[in-house]
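# Observations on the three-dimensional arrangement
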Amino acid sequence: MSKILIKFIQDKQKWEAMGKIGQSLMSLANQDGEIFGYCGGQLACTTCRVYIAKKYQPLLPKPTEIEEDVLCELPNNINYPEKDYVKRMSCQLKCTSQLNGLTVVIPPPIL
Ligand code: FES
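In this report, we go over the structure that sits alongside the text. Every value quoted in this text rests on a predicted model; they were computed, and no experiment measured them. (Residues numbered from 1 in each chain as written. Predicted model: local features only at pLDDT ≥ 70, side-chain atom pairs only at ≥ 80, totals over all residues. Heavy atoms only, no water.)

### Quick word on the packing of aromatic side chains
Quick reminder of the rule: Between the rings of Phe, Tyr and Trp (Trp by its six-membered ring), a pair exists once the centres lie within 6.5 Å; its type follows the angle of the planes, with under 30 degrees stacked, over 60 edge-to-face, and the other angles tilted. Exposure is judged per residue with a 1.4 Å probe applied to protein chains only, and the accessible area is read against the type maximum: over 50% gives exposed, under 20% gives buried, and values in between give partly exposed. For the purposes of this entry, the term helix denotes a DSSP run of H or I that reaches at least four residues, the term strand denotes a run of E that reaches at least two, and both are numbered from the N terminus.
For the coordinates displayed, the defined rule picks out three aromatic pairs. Relative to tryptophan 15, the ring of phenylalanine 8 has its centre 5.3 Å away and its plane inclined at 25°; by these criteria the two rings are stacked. For the pair phenylalanine 8 and tryptophan 15, one class covers both residues: buried. Relative to tyrosine 80, the ring of tyrosine 51 lies with its centre 4.8 Å away and its plane at 25°, an arrangement referred to as stacked. Of this pair, tyrosine 51 sits in strand β3 (residues 49-53) while tyrosine 80 is found in the loop between α2 (65-73) and β4 (85-89), placing the two residues 29 residues apart along the sequence. Owing to a relative accessible area of 3%, tyrosine 51 belongs among the buried residues under this scheme. What links up through ring pairs into an aromatic cluster is the set Tyr51, Tyr80 and Tyr85.

### Considering the pairing of strand β1 (residues 3-10)
Counted only if it meets this: Paired strands, in this sense, are two strands between which DSSP finds at least two bridges.
Across the two faces of β1 the burial differs, with Ile4, Ile6, Phe8 and Gln10 buried and Lys3, Leu5, Lys7 and Ile9 not buried at all. Both β1 and strand β2 (residues 13-20) contribute to a ladder of eight bridges, which runs antiparallel. Each residue of the ladder has a partner; that of isoleucine 6, found in β2, is alanine 17. Taking the residues that link successive antiparallel strands as the turn, the β1-β2 hairpin has two residues, and the phi of aspartate 11 there is positive, at about 55°.

### Overview of α2
Put simply, the test is: To be clear, the arc concerns the directions from the helix axis to the C-beta atoms. Contacts are assigned to residue pairs that have any heavy atoms within 4.5 Å of one another.
Buried residues of α2: Glu67, Val70 and Leu71, and no others. Looking straight down α2, one finds its buried side chains confined to an arc of 100°; they lie on one side. Opposite the buried face of α2, by more than 90 degrees, sit the exposed residues Glu65, Cys72 and Glu73. Check the buried side of α2 and you find it contacts β4.

Take a look at the structure:
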């Protein structure tokens, strides 16, 4: 399997994209013109944050210490409670065969 299917949800919009193994979820989301990830994956902006259903957490790599620090700075999002969702920086997550069919929620920007 060289490509996997990822489903994205942003506001009321839903779309699917085929990601290459090793491609970041941020890059895949931006393929269809969704603009986020301003720092280009340097863990400096938090605009690439996403929410993923907790049941997928075992399939995700553990966040690095730096990503953990960035995630801790983010306010809780009442629409995606921590008991149901895990928040991650999509620039740090790569497409892997285990993630085929994953749904990724892109929240509204923090104002
Ligand atoms: S792109 Fe800036 S933190 Fe991921």
